[in-house]
Amino acid sequence: MFKLLALALVQSALLASIQVTLKLSLQQIGAFSWSWAFFARAFTCVWFAVCGICYALSTVLWLYILKHYPLSQAYPLISLSYVMGMLAAVFIFHETVPMVRWLGVAFIMAGVVMVSYQG
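Residues numbered from 1 in each chain as written. Predicted model: local features only at pLDDT ≥ 70, side-chain atom pairs only at ≥ 80, totals over all residues. Heavy atoms only, no water.

### Overview of the confidence of the model for the protein chain
Basically, it comes down to this: pLDDT: the predictor's confidence for each residue, scored from 0 to 100. The way it works is that DSSP assigns letters per residue, a run of H or I at least four long becomes a helix, a run of E at least two long becomes a strand, and they are numbered from the N terminus.
Mean pLDDT over the protein chain stands at 91; residues scoring 70 or higher make up 97%. Across the protein chain, the secondary-structure element scoring lowest on mean pLDDT is helix α4 (residues 71–77), at 87, and the one scoring highest is helix α3 (residues 46–68), at 96.

### Thoughts on unusual backbone geometry
In the Ramachandran plot, H94 falls in the positive-phi region, its phi being about 55 degrees despite a non-glycine side chain. As for its position among the elements, H94 is in the loop between α5 (80–91) and α6 (99–116).

### Considering the environment of H94
Put simply, the test is: Burial here depends on accessible area, computed with a 1.4 Å probe over protein chains only, as a share of the maximum for the residue type. Under 20% is buried, over 50% is exposed, and the range in between is partly exposed.
Given a relative accessible area of 64%, H94 falls into the exposed group. Between the C-alpha atoms of H94 and A37, which are 57 residues apart in sequence, the distance is 29 Å.

### Let's talk about a nonpolar patch on the surface
Cut-off, in case you're wondering: Residues qualify for a patch when their relative accessible area is over 30% and they have no salt bridge, like charges being joined within 9 Å and the nonpolar side chains of Val, Leu, Ile, Met, Phe, Trp and Tyr within 5 Å. The method behind every accessible area is Shrake-Rupley, applied with a 1.4 Å probe, and residues are considered shielded solely by the protein chains displayed. The rule for a salt bridge is simple: a side-chain nitrogen of Lys or Arg has to be within 4 Å of a carboxyl oxygen of Asp or Glu.
Nonpolar side chains collect at one region of the surface, where L66, L71 and Y75 lie side by side and expose about 310 Å² of accessible area between them. Within the element layout of this structure, Y75 appears in helix α4.

### Focus on the UniProt feature "domain: EamA" (unreviewed entry) in the protein chain
Defined as follows: UniProt positions are given in the numbering used here, feature names are shortened, and annotations may be inferred rather than shown by experiment.
Residues given the UniProt feature "domain: EamA" (unreviewed entry) here are residues 34–116. The annotated region residues 34–116 carries 82% helix and 0% strand content, and the separation between its end C-alpha atoms amounts to 44 Å.

Here it is in structure tokens:
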């Protein structure tokens, strides 16, 4: 079970990294538009490339997890990415997160503990 939890933590970190690097790339690229110029800026942005690499690694790791562990146990564990996303919002993007969202994060963590319990 500890191996699954460790894999889920890495998977969740990759999922959160995808969102962080995507947001960073969009901040660098500028306003979205359905234009060649926008997509040219996107595909030449380093953060967008890092996002793609994280996505590829995340997918390969998820394939491994699905192959070796029950879906009912593995899938809820990736909700840890929500927690990591909230932490990234605070520490990377300097967002203010209201207490009700932190309460939601606490419920997510409680759910992860319940799903991980082998009882």
